[in-house]
Amino acid sequence: MNTNSATKEKLLLPLLFFLLYVLIDVLYFHPFDHNLKQTIFLPGSDAESFIWFIYWWPYAIMHDLNPFITHYIWSPGGVNLTWATSIPTLSLITAPLTIMFGPVFSWNLLSLLAAPLNAFCAFVLLKYLYKNNAAAFLGGYVFGYSSYVIGQLFGGHLNLDFICLIPLSILLFIMHTNKDINKYYFVIIMALIIFLEAGISTEVLATATLFGFVSIMLFFVFEKGSRSKLIVSSLCLLSSYVIAAVFLAPFLYFLINGFDGAPKFVASPSTYSSDLLNYVIPTPITRIGRTVFASIYSRFTGNYAEEGAYIGVPLLLLFALSLIDKIVENRRTGFALLVIFVMVIVFSFGPFIHVNGVNTHIKMPWSFFKQAPLIGKALPTRFTNYASLIVAITIGFWLSTEAATKKRYVAVIASIMFIVPNTSIYNWGAPSVPSIFTKHNILKNNNVIVLPFGYTGPSMFWQLESGMAFNMVGGYVGLAPLPFRKMQVTSALLYGAPGSHFHDLFKAYCEQFNVTYVVACSGTPAPLVQSLKKEGWTTDKYGQCTVYHVHKI
């Protein structure tokens with residue numbers, strides 16, 4: 001009886017803490033005030049693309065299509081989705097919910113569960129390390145609701161805010177070095193984690209591998225007594241990568257096959273790097289201080305979603321105190337954590353350090369990785385999620401020592417208040433879908449240009465709502481494929497600025513990509529509408545959309 005009670009407690013207590021994180025999410029974002037099947041959390045081009053991805057993977061499998069290559073967007077050439085943020089892991093996990101309730105519901109659920117799952121997995125790691133529920137809970141919050149996560153959530157970057165597998169992988173590695181898990185279980189579970197992360201974000205998998213490898217090397221240097229254990233665990237981890245690679249073979253095949261068409265940089269590592277001041281200066285994603293420091297954060301490079309370095313002075317001070325205590329308690333481990341933290345911060349500065357938005361042109365270590373294949377495409381500002389995990393681990397230690405008092409808990413809770421998100425910027429929206437995409441069959445099985453074009457409009461969502469009835473010459477999965485990316489017309493459609501030669505170039509564009517119809521809906525830039533009218537094509541009106549019948553050359 002006692003054994004059963006203990007087992008129930010081990011299962012129910014973690015569940016309770018997870019539900020507490022979920023409750024925090026509910027208090028922040030009020031999901032039950034909305035119809036989760038029809039209203040989109042954080043509507044916009046990124047969210048609508050992810051909703052399309054969530055729909056695509058089960059749709060492709062059910063229709064015997066190659067899920068790695070789609071010709072439904074950027075038709076007729078199509079897109080290699082291994083080079084897009086296509087989240088096959090999350091799409092397939094939620095496939096039953098998508099089939100029953102629709103992809104909007106799955107998007108909302110995944111987005112709203114990202115932070116609680118991140119926090120809970122960090123909680124599980126800290127609970128194992130320190131055997132203290134309260135310390136683990138607060139440390140879990142620091143990681144799960146870090147400025148990095150909140151920023152990526154604001155940007156609708158489901159592939160980047162869903163980072164719960166990182167603390168789980170650390171937990172497994174530590175458990176193996178402590179001989180608390182059988183090596184066979186360790187290898188298999190780690191292989192599964194690697195496999196799943198590859199289907200969430202190859203960028204996060206690559207950076208986690210890099211920082212994980214460097215961290216193991218640093219602990220190897222500092223922890224002389226644990227070197228043999230680290231070697232054994234590292235070899236087992238390597239085996240996990242090999243096994244995962246075998247099962248990822250189809251994915252890796254298309255990834256390698258699409259390498260030539262991938263851009264050198266999706267975004268500039270110099271632009272999307274952490275400003276030195278961002279670690280102590282909040283941006284609009286943070287509730288406290290966002291108005292006071294507006295004149296400073298307005299000069300940071302990148303955008304608010306990618307300015308997630310903020311930890312705040314109070315939390316940094318507590319982190320420093322925690323680290324000092326850790327060094328006193330275990331000098332080698334403490335110094336290893338310090339070096340890893342500093343390394344992450346320095347790497348997050350990118351190729352050159354920025355201070356108050358100014359590029360100092362002082363060369364940083366990441367400049368040597370900039371030209372490296374794959375890892376060189378990572379954006380340095382996104383490394384800050386590893387810094388927040390180190391802060392969470394160290395704070396968890398500080399709260400769990402015998403010297404910990406209520407004052408420490410009060411201090412940590414007070415410091416956490418400074419990273420509470422500004423939830424007023426997180427909105428919900430129910431996008432309208434023009435009748436041309438849902439009630440008429442004119443577009444069926446044709447190549448169609450939809451305006452507003454690409455990320456400037458909801459064309460991906462409209463195509464999905466049509467039941468994938470037509471192929472779209474356009475779309476938004478990051479950058480356009482090579483044949484489109486280099487063409488002047490693509491830029492003109494995206495920016496709504498047709499040039500003097502647009503008339504002839506656009507006709508040739510439509511001929512090359514076998515366009516049958518151009519659909520211009522509400523929100524299409526006026527210069528494009530005027531240019532289309534000059535083409536002299538036959539038109540039909542469907543509500544707020546005009547369908548242009550393309551006349552072949």
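What you are looking at is a predicted structure, and each value in this text was computed from that prediction instead of being measured. (Residues numbered from 1 in each chain as written. Predicted model: local features only at pLDDT ≥ 70, side-chain atom pairs only at ≥ 80, totals over all residues. Heavy atoms only, no water.)

1. Details of the overall build of the protein
Alright, step 1. When its secondary structure is counted, the protein shows 23 helices and eleven strands.
Alright, step 2. Its C-alpha radius of gyration of 25 Å places the protein within 12% of the 24 Å reference for a compact globule of 553 residues.
Alright, step 3. Overall, the protein is about 80 × 55 × 45 Å in size when its C-alpha atoms are taken along their principal axes.
Alright, step 4. Looking at the protein as a whole, 54% of its 553 residues are labelled buried.
Alright, step 5. A separation of at least 24 residues holds for 76% of the contacts in the protein among residues at least 6 apart in sequence.
Alright, step 6. A total accessible area of about 24100 Å² is found for the protein, and carbon and sulfur atoms account for 65% of it.
Alright, step 7. Mean positive and mean negative side-chain charge positions of the protein (33 and 23 charges, respectively) differ by 6 Å. (Helix = DSSP H or I, 4+ residues; strand = E, 2+ residues; numbered from the N terminus. Rg over C-alpha atoms; globule rule 2.2 N^0.38 Å. Buried < 20%, exposed > 50% of the residue type's maximum accessible area, 1.4 Å probe, protein only. Contact = heavy atoms within 4.5 Å. Areas by Shrake-Rupley, 256 points an atom, 1.4 Å probe, with all protein chains shown as cover. Lys, Arg positive; Asp, Glu negative; His and termini not counted. Charge placed at Lys NZ, Arg CZ, Asp CG, Glu CD.)

2. A closer look at the pattern of salt bridges
Alright, step 1. Summed over the entire model, instances satisfying the criterion amount to four salt bridges.
Alright, step 2. The residue Arg382 makes a salt bridge to Glu203 at a minimum N-O spacing of 2.6 Å. Of the two residues, Arg382 sits in the loop between β5 (358-363) and α17 (384-400) while Glu203 sits in helix α11 (residues 202-222), which places them 179 residues apart along the sequence. Each member of the pair, Arg382 together with Glu203, is buried.
Alright, step 3. A salt bridge links Glu329 to Lys326, with the nearest nitrogen and oxygen atoms 3.4 Å apart. Of this pair, Glu329 and Lys326 are both found in helix α15 (residues 313-329), three residues apart, which corresponds to roughly one turn of the helix.
Alright, step 4. If you follow the salt bridges from partner to partner, you end up with Glu203, Glu306 and Arg382 in one network. (Salt bridge = Lys/Arg side-chain N within 4 Å of Asp/Glu carboxyl O.)

3. Describing the pairing of strand β4 (residues 352-355)
Alright, step 1. In terms of strand pairing, β4 meets β5 through three bridges, oriented antiparallel. When the sheet's bridge partners are listed, His354 is paired in β5 with Asn359.
Alright, step 2. Hairpin connection of β4 to β5: two residues between the antiparallel strands, including Asn356 at a positive phi of 55°. (Pairing = 2+ DSSP bridges.)

4. Section: the environment of Val22
Alright, step 1. Residue position: Val22 is located in helix α1 (residues 2-29).
Alright, step 2. A relative accessible area of 21% places Val22 in the partly exposed class.
Alright, step 3. In sequence terms Val22 and Ala115 are 93 residues apart; their C-alpha atoms lie 8.5 Å from each other.
Alright, step 4. Apart from residues lying up to four places away in sequence, Val22 is in contact with Leu113 and Pro116.

5. Some points on a nonpolar patch on the surface
Alright, step 1. Where nonpolar side chains cluster on the molecular surface, the patch consists of Leu192, Phe195, Ile231, Leu235, Leu238, Val242, Ile243, Val246 and Phe247 and spans about 860 Å² of accessible area.
Alright, step 2. Contributions of two or more residues to the nonpolar patch are made by α10 (183-198) and α12 (227-247).
Alright, step 3. With seven residues, α12 is the largest single contributor of residues to the nonpolar patch. (Patch = residues over 30% accessible without salt bridge, like charges linked within 9 Å, V, L, I, M, F, W, Y side chains within 5 Å.)

6. So, the environment of Phe293
Alright, step 1. You can see Phe293 is positioned in the loop between α13 (249-257) and α14 (294-297).
Alright, step 2. Its relative accessible area of 28% is what places Phe293 among the partly exposed residues.
Alright, step 3. On a C-alpha basis, the gap between Phe293 and Ile281 in space is 6.8 Å, while along the polypeptide they are twelve residues apart.
Alright, step 4. Filtering out sequence-adjacent residues up to four positions away, Phe293 remains in contact with Ile281 and Pro282.

7. Examining the sheet that holds strand β8 (residues 471-472)
Adjacent strands of a sheet pair through backbone hydrogen bonds, lying either parallel or antiparallel.
Alright, step 1. Strand order across the open sheet formed by five strands is β8-β7-β9-β11-β10, with mixed pairing between neighbours. Edge positions in the open sheet fall to β8 and β10 (538-542), since each of these has one partner strand only.
Alright, step 2. Sheet analysis places strand β7 (residues 447-451) next to strand β9 (residues 517-520), joined by four bridges and oriented parallel. The residue of β9 that forms the bridge with Val448 is Tyr517.
Alright, step 3. Across the sheet, helix α23 (residues 526-534) is in contact with β7, β9 and β11 (545-549); its angle to β11 comes to roughly 35°. (Axes fitted to C-alpha atoms, helices over the stretch in contact; angles between N-to-C directions.)

8. Description of α12
Within an α-helix, residues lying three or four positions from one another point in the same direction, as the helix has 3.6 residues per turn.
Alright, step 1. With 21 residues, α12 extends 30 Å from end C-alpha to end C-alpha; this agrees with the ideal 30 Å at 1.5 Å per step.
Alright, step 2. All buried positions along α12 are accounted for by Leu230, Ser233, Cys236, Leu237, Ser240 and Ala244. Projected onto a plane normal to the axis of α12, the buried residues spread over an arc of 130° and lie on a single side. Among the exposed residues of α12, those oriented more than 90 degrees off its buried face are Ser228, Leu235, Leu238 and Val246.
Alright, step 3. Contacts made by the buried residues of α12 are with α9 (165-177), α10 and α11. (Expected span 1.5 Å × (residues − 1). Arc of directions from axis to C-beta.)

9. Quick look at the nonpolar core
Alright, step 1. Core analysis: the biggest nonpolar cluster contains 174 residues, and Ile449, Phe506, Tyr509 and Val518 have the highest contact counts within it.
Alright, step 2. Take this core: its biggest share by element is 15 residues, from helix α5 (residues 103-130). (Core = buried A, V, L, I, M, F, W, Y, C linked by side-chain atoms within 4.5 Å.)

10. So, the state of the cysteines
Alright, step 1. Counted by the stated rule, this structure contains one disulfide.
Alright, step 2. Between Cys164, a free cysteine, and Cys121, which holds the nearest cysteine sulfur, the sulfur-to-sulfur gap is 4.5 Å. (Disulfide = S-S within 2.5 Å.)

11. Some details on the packing of aromatic side chains
Alright, step 1. Considering all chains together, one arrives at 48 aromatic pairs under this definition.
Alright, step 2. We note Arg227 situated over the ring of Phe220; from NZ or CZ to the ring centre the distance is 5.0 Å.
Alright, step 3. Here the basic side chain of Lys326 rests over the ring of Phe397, its NZ or CZ set 4.5 Å away from the ring centre. (Phe/Tyr/Trp six-rings, centres within 6.5 Å; stacked < 30°, edge-to-face > 60°. Lys NZ or Arg CZ within 6 Å of the ring centre and 35° of its normal.)

12. Quick word on the packing of helix α6 (residues 133-144) against α17
Alright, step 1. Two elements in contact, α6 and α17, have axes separated by 8 Å at closest approach and are oriented at 165°. In terms of axis orientation, α6 runs roughly antiparallel to α17. Relative to α17, the crossing made by α6 is right-handed. Mapping the contact onto sequence places Ala135, Leu138, Gly139, Val142 and Phe143 in α6 and Asn385, Ser388, Leu389, Val391, Ala392, Gly396, Leu399 and Ser400 in α17.
Alright, step 2. Partitioning the contact of α6 with α17 into residue classes produces eight nonpolar, five polar and no charged. (Parallel < 35°, antiparallel > 145°, perpendicular 65-115°, else oblique. Left-handed = near helix turned anticlockwise from the far one by under 90°. Nonpolar A, V, L, I, M, F, W, Y, C, P; charged D, E, K, R; others polar.)

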